[in-house]
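Observations on the three-dimensional arrangement
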Amino acid sequence: MGGRPRVPPPSAGEGTLRSRGGEGTASSGDGAPLSRPLLTQGSPSPAEGGGWWRVFVALVAILVAIPPLALWRFAAALPPLDLAQADLRSTIVVDARGTLLRPFATPDGRWRLPVTAASVDPRYLAMLTAYEDRRFANHPGIDPAATLRAAWQWLAHGRIVSGGSTLSMQVARLVEPRAERSLAAKLRQMVRAVALERRFGKAGVLDLYLALAPYGGPVEGARAAALAYFGREPARLSFAESALLVALPQAPETRRPDRFPANARRARDRVLDIAAARGAITRSEAAAAKAEPVPDLRRPFPMAAAHAAEAAVAADPSASVLRLTLDGRLQASLEQLATERAQAAGPGLSAAILAIDNRTGAVLAQVGSAGYRDAARRGAIDMTLAVRSPGSALKPFIYAQAFESGLAHPETLLDDRPARYAAAYAPENFDLTYQGTVTARRALQLSLNVPAVALMAAVGPARFIARLRAAGAAILLPRDAAPGLPVALGGLGITLTDLARLYAGLARGGAMPDLIRRADRPAPPDSARRVAEPVAAWYVADILRGAPPPENALPGRIAYKTGTSFGYRDAWAAGFDRRVTIAVWVGRPDGAAVPGLVGRAVAAPILFDAFARFGGEPEPVAQPRDALVTTSAGLPPPLRHIRRDAPKTLAAADTAPLKIAYPPDGARIDLGLQDHPGEAAQQARLALKALGGVPPLTWMVGGRPVADSPRRQSEWVPDGAGFARISVLDATGASDSVVVRLE
């Protein structure tokens, strides 16, 4: 270093870098190269070379930034995403378990049923993503690899080989359908796809695809397609069915299996091949799926409980999903039963069935006709709501009123002999015979007309009708006609729905149910309306349980009653046990007469078959503790026999009508029962007083005798607070009753 001259550094711009020694290479005195190469003379300076490099980098950065900036400006210029049409779904009606009963088309005629990925077969989803979008779970809505591949194939072949669209982009196209196929349209789909994924996530985008994908004609969505082409929900699909649902949205009109089954098969088989190649299914599963036939027709959508569904939608048109209380399986079974029996009964006949859960009042099945689409039987008319003559079907409620009023007991003797009433009304039995003296139990079981009219005369037709209406039944009488004795035999109008409610009231101890039809709404509070007192309701239920069953049916299983309207226009049967009440109507919707249409022969077999289809072992109605179970001889004398003959003495003829003077009807009487429960309450006594009548008097509470007195005064020891019906009978059988509340 000491004697060596130092080599000055080159000045800027003297040369360029060389890669090896020679001219322009600096070396030490012993020929070893220096640690820093020398620049050749005339090469650019570092400042000048770095400037060009920075310009190049800036240009590249600008070129790289332009597309994203342009895409950002393009996205910013787009209007907000409008999902109004995408959110439109078919209104559906389902049963209590969520099973589809009936869907309705959208206002523009499309079948687009609500569906989610959780409700479709996972194998279909695996095949869909394997065929349409293998990287669906990983990309943000746009698949860069698929987009570059599609662009390269387009450049290489001069035509579109693959579109590069993800499922998200397909959803964007379905949400905003556009006819044009241009770069701007594709960019719009890409922007919308990213926005959809950010807004709904992968699960939401997949749900949109499943709901909006086209399947030919008005069918949209995987659920509607599965119902239309396979006749069932998409929760369980074969590999062949899954592949067909994957293939159809690519060309829904030219691949419709109901119009172009060959095209549909080819498209399905191609999906199976690709799914097997990509590992979604095995080769053997693909081969087996190809052997399955392609459906060549479009099935009608479900139409179960058609009348109930229509009524529900009409009552709540804004709801998209309406869940009814119906049991779908029972509904389908009873619809089949009604159709079969109506067809066997004769041309033009229809049938209606209503089933009610006695515990809750929920409607379990509502069959409005023998075939909604059967125009020959006027199937579109809901006969559960049609007003018809009930024949003898209301007789049990005459007896119930007589029992609770103290006029009669199931073992009271009645006369079944020719009788004539005012206005020359002379009732006859259905078979034109007479049984003589029978108990009230036997008279009701045999549906004898003469004893029923005798009880109606004692109860009073106006009082009878008022009681039914107060219980909630809509009773229709002939215009400008006052209630008369013929109402006992069907001289009024009532619907099958109200008749079923009345019988359900008997099963519930006299408490009328308010029907519950919607399972997705809170249950209403129990109604306070009653059709009978508990003891009277049980008396009737016990009698009807012993009614002779129809041919080939077991006796003593259900309490039931039949009815046949005048002129053989309507056949009725209503029955119940502790669990359920079922009512049946058969006839012509136009009201024409049908010779031989008798309730016992036509409607009763349907009723017993309906109970068999309901399943389980029938349960009798529980007996109240106050029920009087005895024989005719064990009854108080006024209850042993109801006679229509005149009083035997002049004194009896001149006696004032029997009437309860105390307690008055509707009174609230404070006996201290709530303040002194238990033994102290047993000391509380209620005074009873009557006016008129012929002693001795028999006092009854809830249909059970509590006191016999030769005088018109007596007393009773209540067993607790609450409502009580107090009745009194005199020696001639005259009676009066009041309802009071004891506190």
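Now for a quick tour of the structure.

**Concerning the overall build of the chain**
The secondary structure content of the chain amounts to 20 helices and 20 strands. Split into buried and exposed, the 743 residues of the chain put 49% on the buried side. The long-range fraction of contacts in the chain, counting pairs at least 24 apart against all pairs at least 6 apart in sequence, stands at 69%. Element-wise, carbon and sulfur atoms account for 56% of the exposed surface of the chain, whose accessible area totals about 35,800 Å².

**With respect to the sheet that holds strand 6 (residues 350-357)**
Spatially, 7-6-12-11-10 is the arrangement adopted by the 5 strands of the open sheet, whose pairing is antiparallel. Looking at strand neighbours, the two that pair on one side only are strand 7 (363-367) and strand 10 (559-564), the edges of this open sheet. Across the sheet, the mean angle separating the axes of adjacent strands is 10 degrees when strand polarity is ignored. Here 4 bridges tie strand 6 to strand 7, and the two strands are oriented antiparallel to one another. Each bridged residue has a counterpart across the sheet, and for Leu354 the counterpart in strand 7 is Gln366. Sheet strands in contact with helix 17 (residues 534-545) are strand 10 and strand 11 (570-576), and its direction is about 80 degrees off that of strand 10.

**Let's talk about a nonpolar patch on the surface**
A cluster of nonpolar side chains, namely Trp52, Val55 and Leu59, defines an oily patch on the protein surface of about 360 Å² accessible area. Summarising the element assignment, Trp52 is placed in helix 1 (residues 46-77). Since its relative accessible area comes to 68%, Trp52 is described here as exposed.

**With respect to the pattern of salt bridges**
Evaluation of the coordinates by the stated rule reveals 38 salt bridges. In this structure, the salt-bridge partner of Glu533 is Arg725, at a minimum N-O distance of 3.9 Å. With a gap of 192 residues between them, Glu533 in the loop between helix 16 (496-507) and helix 17 and Arg725 in strand 19 (residues 722-729) connect regions that are remote in the sequence. For Arg725, a relative accessible area of 11% gives the class buried. As a salt-bridge pair, Glu715 and Arg685 come within 3.2 Å of each other at their nearest N and O atoms. Of this pair, Glu715 sits in strand 18 (residues 713-716) while Arg685 sits in the loop between strand 14 (668-669) and strand 15 (686-691), and the two are 30 residues apart along the sequence.

**Some thoughts on the pairing of strand 19**
Burial analysis of strand 19 places 6 of its 8 residues in the buried class, which makes it a mostly covered element. In terms of strand pairing, strand 16 (residues 697-701) meets strand 19 through 4 bridges, oriented antiparallel. Across the sheet, the residue bridging to Val701 is Ile726, located in strand 19. Two strands pair when backbone bridges link them, and strand 19 and strand 20 (residues 735-742) are joined in this way by 8 bridges, in the antiparallel orientation. Looking at strand 20, one finds that Ile726 is bridged to Val738. Taking the residues that link successive antiparallel strands as the turn, the strand 19-strand 20 hairpin has 5 residues, and the phi of Gly733 there is positive, at about 95 degrees.

Reading the values: the criteria
Residues numbered from 1 in each chain as written. Predicted model: local features only at pLDDT ≥ 70, side-chain atom pairs only at ≥ 80, totals over all residues. Heavy atoms only, no water. Helix = DSSP H or I, 4+ residues; strand = E, 2+ residues; numbered from the N terminus. Buried < 20%, exposed > 50% of the residue type's maximum accessible area, 1.4 Å probe, protein only. Contact = heavy atoms within 4.5 Å. Areas by Shrake-Rupley, 256 points an atom, 1.4 Å probe, with all protein chains shown as cover. Pairing = 2+ DSSP bridges. Axes fitted to C-alpha atoms, helices over the stretch in contact; angles between N-to-C directions. Patch = residues over 30% accessible without salt bridge, like charges linked within 9 Å, V, L, I, M, F, W, Y side chains within 5 Å. Salt bridge = Lys/Arg side-chain N within 4 Å of Asp/Glu carboxyl O.

Keep in mind that these numbers describe shape and distance, not what the molecule does.
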